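Structural overview
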Amino acid sequence: MHTIGRFAPSPSGRMHLGNVLCALLAWLSARKQGGQYLLRIEDLDTMRCPRSYAELILDDLHWLGLDWDGEILYQSERTTVYERYESMLRDKGLLYPCFCSRAALHAASAPHLSDGRVVYAGTCRDLTPDEVAERRKTRAPAIRVRVPDEEICFTDGVFGVYCENLSDACGDFIIRRSDGVFAYQLSVVVDDALSGVTEVVRGADLISSTPRQIWLHRLFGFMPPAFVHIPLLCDHDGRRLSKRDDDLDLGLLRQRFAPEQIIGALACAAGLTDSPEPVAADGLIAGFSWEKIPRRDLLLPDAFY
Ligand code: GLU
């Protein structure tokens, strides 16, 4: 099968090292297999994701030597496509409006999972039509999809078999926010499938989204892609890097380093090379293998402290 990989950044800020590592590994995997590498800008929330940030991401990828194939997809332009799939779920009787506020969701007695996620307690699952009409007068609802009491398993390219029971692990989840913006879980499935993506590479922080996405793929009649979740970068204290660590965003890193230095340091941290010597991205293709990537957090290379 011809490999189609992708990188799907959310342009809510400049790329940080974790995003660069993800872009690099997805690119190496696709290129090693002689496949394509697509770029999708996940700018559904146009308030948080201005076009200027997306342009910086394109410029940063170019600077890093990571080229992509074909047209760039902007999720902000695809609302009518997502609406078709929303209708499909509605026709199956799987959708309902949810009027819960964020505060109410957190206060609900639903169990909190160890990673801080809240399982939806089902508060709005069985509202009567009259109750819905009454609540609509004061509040626009989010749209949730009813999940089955079903275990969904997949074999991750780095972490191995991963299973989750949808109703225990997340409960009914939001596919469209109350302001009309589609949720990541729906858009990512529709776009990966319609673009023909066969391999999804992304950070391990998203592994718990994958069972929901596989379930949606199947509901829509798509064949789910292969999934590879990559370990997260953390510092010497075991703290995972996040977008808040803006001292490690590419705007500043580009002033301190050449692209080959960043790529070389990340490749070594990820187990692809033995030393953090500078190397161009395409110099890593031949030696790339998922088997080299460890199943644990990766240590931020010393050069970046
Ligand atoms: N847009 C997400 C991010 O920037 C990645 C989503 C995905 O790869 O599925 O973290």
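Notes on the structure follow. Per chain, residue numbering runs from 1 following the sequence as it is written. Given that this is a predicted model, residues contribute local features only at a pLDDT of at least 70 and side-chain atom pairs are listed and counted only at 80 or more, while totals for whole chains, interfaces and linings are drawn from all residues. Values reported for side chains reflect all heavy atoms of the structure, with hydrogen atoms and water molecules removed beforehand.

Helix H8 (residues 210-219) sits mainly inside the fold: eight of its ten residues count as buried. Three labels apply to residues, based on accessible area from a 1.4 Å probe with only protein chains included: buried if under 20% of the type maximum, exposed if over 50%, partly exposed otherwise in between. Note on conventions: DSSP H or I runs of at least 4 residues are helices, E runs of at least 2 residues are strands, and numbering of each starts at the N terminus. Residues Thr210, Pro211, Arg212, Gln213, Ile214, Trp215, Leu216 and His217 constitute the buried set of H8. At the exit of H8 stands Gly221, carrying a positive phi of roughly 85°.

A few words now on the pattern of salt bridges. For this analysis, a salt bridge means a side-chain nitrogen from Lys or Arg found within 4 Å of a carboxyl oxygen belonging to Asp or Glu. Enumeration according to the criterion identifies 21 salt bridges in this entry. Between Arg31 and Asp67 there is a salt bridge, with the nearest N and O atoms lying 3.2 Å from each other. Placement of Arg31 in helix H1 (residues 17-32) and of Asp67 in the loop between helix H2 (51-64) and strand S3 (73-74) is noted, with a sequence separation of 36 residues between them. Residue Arg31 is classed as buried on the basis of its relative accessible area, which comes to 17%. A salt bridge links Asp126 to Arg146; the shortest N-O distance between them is 3.9 Å. Taken as a pair, Asp126 in the loop between helix H4 (102-107) and helix H5 (129-136) and Arg146 in the loop between strand S5 (142-145) and strand S6 (151-156) lie far apart in primary sequence, 20 residues in all. For Asp126, a relative accessible area of 63% corresponds to the exposed category. Accessibility expressed as a relative area gives 23% for Arg146, which makes it partly exposed. Through salt bridges with shared partners, a single ionic network connects Arg6, Arg40, Glu42, Arg78, Asp191 and Asp192.

Attention now goes to the packing of helix H7 (residues 184-194) against H8. Contact pair H7 / H8: the axes reach a minimum separation of 9 Å and the direction vectors enclose 55°. Considered as vectors, H7 and H8 are oriented oblique to each other. Crossing handedness for the pair H7 and H8: right-handed. Side by side, H7 and H8 meet where Tyr184, Gln185, Leu186, Val188, Val189 and Ala193 of the first sit next to Arg212, Gln213, Leu216 and His217 of the second. As a working rule, the residues Ala, Val, Leu, Ile, Met, Phe, Trp, Tyr, Cys and Pro are called nonpolar, Asp, Glu, Lys and Arg charged, and the rest polar, with Gly in that last group. Per-class residue counts for the contact of H7 with H8 are six nonpolar, three polar and one charged. To obtain an axis, a line is fitted to C-alpha atoms, over the contacting stretch when the element is a helix, and the angle between two such axes runs from 0 to 180 degrees between their N-to-C directions. For classification purposes, an angle smaller than 35 degrees is called roughly parallel, one larger than 145 roughly antiparallel, one from 65 to 115 roughly perpendicular, and anything else oblique. Helix crossings fall into two classes, left-handed where the near helix is turned counterclockwise from the far one by less than a right angle and right-handed where it is turned clockwise. Contacts are assigned to residue pairs with any non-hydrogen atoms lying within 4.5 Å of each other.

Note: strands within a sheet are paired through backbone hydrogen bonds, in either parallel or antiparallel orientation. Taken in spatial order, the three strands of this open sheet run S1-S2-S3, and their pairing is parallel. Sheet topology places strand S1 (4-7) and S3 at the edges, where each strand pairs with a single neighbour. H1 contacts S1 and strand S2 (36-41) of the sheet and is inclined by roughly 150° relative to S2. Helix-sheet contacts for H2 involve S1, S2 and S3, and the interaxial angle to S2 is about 155°. Any two strands between which DSSP finds at least two bridges are classified as paired.

Before going further, it helps to spend a moment on the packing of aromatic side chains. When we look at a pair of aromatic rings, we describe it by the centre distance and by the angle of the planes. Any pair of Phe, Tyr and Trp rings, taking the six-membered ring for Trp, is counted once the centres come within 6.5 Å. Such a pair is stacked with planes under 30 degrees apart, edge-to-face with planes over 60 apart, and tilted for the rest. One pass over the structure, following the stated rule, counts nine aromatic pairs. Aromatic pair Phe154 and Tyr162: ring centres 5.8 Å apart, planes at 55°, arrangement tilted. Exposure remark for Phe154: the relative accessible area of 8% places this residue in the buried category. By relative accessible area, which is 21% here, Tyr162 ends up partly exposed.

All right, on to the site of the ligand then. Taken together, Arg6, Ala8, Pro9, Ser10, Glu42, Tyr184, Val188, Arg202 and Leu206 make up the full set of residues near the ligand. For the ligand, a nitrogen atom lies 2.7 Å from a polar atom in the backbone of Ala8. Between the ligand and Tyr184, the relevant distance is 2.7 Å, taken from an oxygen atom to a side-chain nitrogen or oxygen of the residue. Starting from 300 Å² of accessible surface for the ligand in isolation, the protein chains cover 81%. In terms of residue class, the shell around the ligand is made up of five nonpolar, one polar and three charged. What makes a residue near a molecule or strand is one non-hydrogen atom of that residue sitting within 4 Å of it. For the purposes of these results, a polar contact is taken to be a pair of N or O atoms within 3.5 Å, where, inside protein, one atom must be able to donate a hydrogen and its partner to accept one; residues adjacent in sequence count only when each atom of the pair is a side-chain atom. Only the protein chains shown count as cover for residues, with accessible areas throughout obtained via the Shrake-Rupley method and a probe of 1.4 Å.

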